[in-house]
Amino acid sequence: MKVLKFGGTSVGGVEPVRTIVGVVREMEDRGERVALVISAMGGVTNDLLEMGSLAEEGKDFSPLLRQMESRHLELIQALLPVRKQNAAIMPLKIYFNELEELLDGVKAVGERSPRTRDHIAAYGELCSTLVISRILGQYYGCVRFQDSREWIHTDSNFGNARVDFDKTNLRIRGAVHAVPEALWCVTGYIASNEKGQTTTLGRGGSDYTAAILGAALDSEQIQIWTDVNGFMTADPKMVRRAISLTEISYTEAMELSYFGARVIYPPTMIPVFLKKVPVLVKNTFNPDFPGTVIRDKTLTNGSLIRGISSINEVTLVNVEGGGMIGKTGFSGRLFSLLAREGINIILITQASSEHSITFAVSPGDAARARILIEKEFELELLTQKIERPTLEQDLALMAVVGEHMKKTHGLSGKLFSALGRNGVNVAAIAQGSSEFNISVAIQRKDLSKALNAVHDAFFIHAQKTLHIFYLGVGHIGRTLLAQIHSHEEALLRNNSLRLRVMGITNTRKMIFSEDGIPLSNWQEALQAGGETAGLGDFVRRMKAMNLPNSVFIDNSASPEVVQWYEEIFRANISVVTCNKIGNSGSYDQYRRFREAVRKYGVDFFYETNVGAGLPIISTLRDLLVSGDRIIRIEAILSGTISYIFNHFTGDASFHDVVRQAQQLGYTEPDPRDDLSGRDFMRKMLILARDSGYPLEPEEVVIEQILPPSCLEAESIGDFYRELHRSESHFGRLKEQAVAKGKVLRFIGCLDQGAVTIGLKEVDASHPFYSLSGSDNIISFTTERYSNCPLVIKGPGAGAEVTAAGVFADLVKVGAVGYQ
């Protein structure tokens, strides 16, 4: 026999009940014997408790009662033929009359005891199970409606009664074996004590009823039909990339359910664990989905953990004092007190010095727990052996669960690395000796971020997601967005990395989306739906979204944006930038950025600050990290200047080559911005600083290419006229170089901590001699590369290569974040 339990949402409307009928008929057609356990219709138990509360306060409960009645009548009228409806409606009316009389009695005396509360709550299951049994009765000859109060015997702990399994099992077996052909429809949740008074098994107790029934009958399987696709790796409402689990163990199911995974009621595991009855969790609204099997032994799911669960609201109670150290029985007094008063403890942790004990309770119990402790330990407080208990509020609890966690090296490190990287502070930690569970108390506002960060860190089949906030949609910015869009699927397929752009801003408008901005039409979305842009507002909104693995991309050349970097780092958000102003400003600013990056565990990638798409910064870092020492760096790091001197050959005049470079779009609108060497200086300064030299911008020596008359010209037209007049100057420089068999190159040099930039003559033995087009080139002379320098050469300008460099840095953040 299989026992099928259908939850409140599964009996909450006409279509779900049709699914129940289809499931049962299909199983019966296959010759499988089944028994059903039915919950109250979704929301009805809450309505019943609300009616009891209204009655106790002397208020009118009849609207809720009529609403409840009409919901059940609707099922009868929709799913039973007219000739059979009266047979179902009459006993239903009797239940509602009894309920109304009971509520009138509460209203008359103005009091509702726990026993009465259980009696009122029982009518949810009684009514729904009666209706379902009548609907199924039209298809089967022997359908039995069974009030579980006649079968399940408990103590008198109303609201959460303890089952007497010996008596209960005898009753169930005797009844079922007496009518083996029956299709049993059993009320969930409710039971009775030795006096025949109604008790309940706790909220979610219908699962428990199914487990009691299945274990008593040595069932082949218990099926829990609910509104989710079984157990998932995390709450899908908070972790969108959560995936369904095909199987979990009894222990894992208990741990996950205890810590907030509302898939199955935790006590359900007790009887099925003893009998080793497998439990299958299925979705009434997606019956073809295989669901999750809960069994004794399971295989690994390819991850270090099975799932992540959470409790959204907890309060920590801290008890500490020198008088606790070595004090035998203190913990016993403390926890016995709380147990007597019915205060449930969710988590406990104690310092090894025995100086403090911290435990978590629900927020509603926290203040009472503190008062009880102060009363119990009044003498210790007066003699200052302990301090007054303190409360830490607005916390949540997150737990990683899995049987295969046991004796797994590095698991805790992976957990706390994921939390720390995303700025999630841990207030308390608890791990049992069984090693099935590691629990952490964190700020409630960080719960969603923590769940997503830890989920991405542990589940290798899950998609790793970077949440991108994007500033600057000029030529480079537009090109980068196009590159991200065109490579999204490849990154997801090959690297399990998803890039989601959550915010975009330019100087006029900004747009945000909780679901990610579609890159196929981001321009239209920004134009049509964007709000007025403000850099401070953009940063504040980015921080307020509090997403894990967030990255701020700066595609601007604005000094104003750079002033926000430290605040962004403090929010545990990484920065990827092609804006070189931040790293080439004052050395104090450069140093503060590095300190913030180290302190908050974020990434700061800026490869394009020096060589556009060329791997210059990363190569320098690899050399230094591997223990090499930089002796000398020579570089041409301006595509514009590279183009000009590569083409200043033969009969070409310097004036004509500069004008040609501008016409081809290689120069800034004013070519002096390039030829002054100012931009080149920034790049060499960054290289020097990353090599370990604390240089200021004014310490870089630039030997000017241009005569003063060209630099001081009032307009671009005047500049070109002065450049033409100075042609003899440039001609002489070229002729002198040619006479020596050399060419002119504008080269930056880092040597022994000093940086100079100037025009040099190089011969055919120099790696820069054969440079062509607008390529950049850099030569590293190090202890390892002393005889033959390490040379990197390639395109050093253009939107495509610069955007590609930023893109590569962005992907690096994804790689670093999941190591």
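What you see is a predicted model, and the numbers here were worked out from it, not measured in a lab.

Q: Quick one: what's the story with the overall build of the protein chain, residue by residue and with numbers?
A: Of the regular secondary structure elements, the protein chain holds 30 helices and 29 strands. Radius of gyration (C-alpha) of the protein chain: 37 Å, far over the 28 Å computed for a compact globule of 819 residues. The principal-axis extents of the C-alpha atoms in the protein chain amount to approximately 115 × 75 × 50 Å. Each of the 819 residues in the protein chain was classed as buried or not, and the buried ones make up 54%. Restricting the contact set of the protein chain to residue pairs at least 6 apart, pairs at least 24 apart contribute 73%. Between the averaged position of the 87 positive side-chain charges in the protein chain and that of its 95 negative side-chain charges there is a distance of 3 Å.

Q: Tell me about helix α29 (residues 727–739), residues and numbers included.
A: Relative to the 18 Å expected for 13 residues at 1.5 Å per residue, α29 spans 18 Å between its end C-alpha atoms, a close match to the ideal helical length. All of the buried residues in α29 are F730, G731, K734 and A737. Seen along its axis, α29 keeps its buried residues to an arc of 130°; they face one direction. Opposite the buried face of α29, by more than 90 degrees, sit the exposed residues E735 and A739. Lining the buried residues of α29 we find α24 (654–663), α28 (716–725), β26 (743–751) and β27 (754–762). Looking one or two residues past α29, G741 carries a phi angle of roughly 75°, positive in sign.

Q: Break down the packing of helix α6 (residues 165–178) against helix α7 (residues 205–216) for me, with residues and values.
A: Interaxial distance between α6 and α7 falls to 9 Å at its minimum, and their mutual angle equals 70°. Between α6 and α7, the angle falls in the class roughly perpendicular. The residues of α7 that touch α6, namely those facing F165, T168, N169, I172 and R173, are Y208, I212, L213 and A216.

Q: Just give me the short version of the sheet that holds strand β3 (residues 143–146), but keep the residues and values in it.
A: Taken in spatial order, the eight strands make up an open sheet running β3-β4-β2-β1-β7-β9-β10-β8, and their pairing is mixed. Strands with a single pairing partner mark the edges of an open sheet, and in this sheet they are β3 and β8 (247–249). Averaged over all neighbouring strand pairs, the angle between strand axes comes to 20°, with direction disregarded. Examined bridge by bridge, β8 and strand β10 (residues 292–295) share three bridges and lie parallel to one another. In the strand pairing of β10, S249 is matched with R295.

Q: Tell me about the side chain of T782, and please be specific about residues and values.
A: Mapped onto the elements, T782 comes out in strand β28 (residues 775–782). What makes T782 buried here is its relative accessible area of 0%. Discounting chain neighbours no more than four positions away, the residues touching T782 are L623, D628, R629, I630 and I631.

Q: Explain the pattern of salt bridges residue by residue, including any values.
A: What the rule picks out here adds up to 45 salt bridges. Its salt-bridge partner being E252, residue R306 comes within 3.0 Å of it at the nearest N-O pair. One end of the pair, R306, is in the loop between β10 and β11 (307–320); the other, E252, is in helix α8 (residues 250–258), with 54 residues separating them in the sequence. D679 serves as the salt-bridge partner of K580, at 3.3 Å between the closest nitrogen and oxygen. Within this pair, whereas K580 is found in the loop between β22 (574–577) and α20 (587–600), its partner D679 is found in helix α26 (residues 678–690), the two being separated by 99 residues in sequence.

Q: Would you mind going over empty space enclosed by the protein in detail, with residue names and values included?
A: Rolled over the atoms, a probe sized like a water molecule indicates the empty space that remains. Inspection of the entire model under this criterion finds two cavities of 30 Å³ or more. Computed from the structure, the largest cavity encloses a volume of approximately 70 Å³. Looking at the largest cavity, the residues that line it are R421, N422, L466, N549, S550, N572, I573, S574, G601, V602 and V813. By residue class, the composition of the lining of the largest cavity is four nonpolar, six polar and one charged. Of the volumes computed, that of the second largest cavity is approximately 30 Å³. Lining the second largest cavity are I636, I641, S642, F645, N646, R745, F746 and L771. Counting residues per element, the ones that place at least two in the lining of the second largest cavity are α23 (639–647) and β26. A per-element tally of the lining of the second largest cavity places α23 first, with four residues.

Q: Give me the lowdown on helix α17 (residues 535–545), citing residues and values where you can.
A: Along an α-helix, residues three or four apart share an orientation, since each turn contains 3.6 residues. Among the residues of α17, those classed as buried are L535, G536, F538, V539, M542 and M545. On its buried face, α17 sits against β17 (464–471), β18 (497–505), β19 (509–512), β21 (550–554), α18 (559–562) and α19 (565–570). Phi turns positive, to about 50°, at N546, one or two residues after α17.

Q: Can you break down the nonpolar core residue by residue, with the values?
A: In terms of nonpolar packing, the biggest core is built from 73 residues, with F552, F654 and L687 touching the most fellow members. By residue number, the principal contributor to this core is α26, which donates seven residues. Ignoring sequence-local partners within four residues, the contact set of L687 consists of V610, I616, I617, L620, I633, L637, L750 and I778. By size, the runner-up hydrophobic cluster in this structure holds 55 residues, among which are L75, L136, Y140 and L183.

Q: Got a sec to walk through a nonpolar patch on the surface? Specific residues and values, please.
A: A surface patch of nonpolar side chains, amounting to about 370 Å² of accessible area, comprises M254, I270, F273 and L274. Per-element accounting of the nonpolar patch gives the leading share, three residues, to helix α9 (residues 269–275). Residue placement: L274 occurs in helix α9.

Q: An account of the packing of helix α1 (residues 14–29) against helix α3 (residues 62–79) is requested, with residue identities and associated values reported.
A: At a closest axis distance of 10 Å, the pairing of α1 and α3 adopts a crossing angle of 55°. On the basis of their axis angle, the class for α1 and α3 is oblique. Crossing of α1 against α3: the hand is right-handed. Along its contact with α1, which presents V14, V17 and R18, the element α3 presents E74, L75, A78 and L79. For the contact of α1 with α3, the residue count by class is five nonpolar, no polar and two charged.

Q: Kindly report on the packing of aromatic side chains, identifying the contributing residues and their values.
A: Under the counting rule described, the total for this entry stands at 22 aromatic pairs. Relative to Y123, the ring of Y95 has its centre 6.1 Å away and its plane inclined at 75°; by these criteria the two rings are edge-to-face. Taken as a pair, Y95 in helix α4 (residues 82–109) and Y123 in helix α5 (residues 114–137) lie far apart in primary sequence, 28 residues in all. Members of the aromatic cluster, connected to one another through ring pairs, are Y565, F569, F593, F604 and Y606. Here the basic side chain of K276 rests over the ring of F273, its NZ or CZ set 4.5 Å away from the ring centre. One Lys or Arg, R659, reaches over the ring of Y720 and ends 3.9 Å from the middle of that ring.

Q: Outline the pairing of strand β24 (residues 630–636), supporting the account with residue identities and numerical values.
A: Here β24 lies mainly inside the structure; five of its seven residues are buried. Relative to β28, β24 runs antiparallel, the two sharing six bridges. Opposite I630, over in β28, you have T782 as the bridge partner. The sheet contact formed by β24 and β26 spans four bridges and is antiparallel. Each bridged residue has a counterpart across the sheet, and for R632 the counterpart in β26 is D751.

Q: For the sheet that holds strand β25 (residues 701–702), give the residues involved together with the corresponding values.
A: With mixed pairing, six strands are arranged side by side in an open sheet as β25-β27-β26-β24-β28-β29. Edge positions in the sheet fall to β25 and β29 (790–795), since each of these pairs with one other strand and no more. Along the sheet, helix α22 (residues 616–625) contacts β24, β28 and β29; its crossing angle with β28, the most-contacted strand, is approximately 10°.

Each value, and the rule that gives it
Residues numbered from 1 in each chain as written. Predicted model: local features only at pLDDT ≥ 70, side-chain atom pairs only at ≥ 80, totals over all residues. Heavy atoms only, no water. Helix = DSSP H or I, 4+ residues; strand = E, 2+ residues; numbered from the N terminus. Rg over C-alpha atoms; globule rule 2.2 N^0.38 Å. Buried < 20%, exposed > 50% of the residue type's maximum accessible area, 1.4 Å probe, protein only. Contact = heavy atoms within 4.5 Å. Lys, Arg positive; Asp, Glu negative; His and termini not counted. Charge placed at Lys NZ, Arg CZ, Asp CG, Glu CD. Expected span 1.5 Å × (residues − 1). Arc of directions from axis to C-beta. Axes fitted to C-alpha atoms, helices over the stretch in contact; angles between N-to-C directions. Parallel < 35°, antiparallel > 145°, perpendicular 65-115°, else oblique. Pairing = 2+ DSSP bridges. Salt bridge = Lys/Arg side-chain N within 4 Å of Asp/Glu carboxyl O. 1 Å grid on protein atoms, 1.4 Å probe; cavity = no way out; pocket = protein on both sides within 12 Å on 5 of 7 lines; lining within 4 Å. Points joined across faces, edges and corners; volume = space filled by probe spheres on them. Nonpolar A, V, L, I, M, F, W, Y, C, P; charged D, E, K, R; others polar. Core = buried A, V, L, I, M, F, W, Y, C linked by side-chain atoms within 4.5 Å. Patch = residues over 30% accessible without salt bridge, like charges linked within 9 Å, V, L, I, M, F, W, Y side chains within 5 Å. Areas by Shrake-Rupley, 256 points an atom, 1.4 Å probe, with all protein chains shown as cover. Left-handed = near helix turned anticlockwise from the far one by under 90°. Phe/Tyr/Trp six-rings, centres within 6.5 Å; stacked < 30°, edge-to-face > 60°. Lys NZ or Arg CZ within 6 Å of the ring centre and 35° of its normal.

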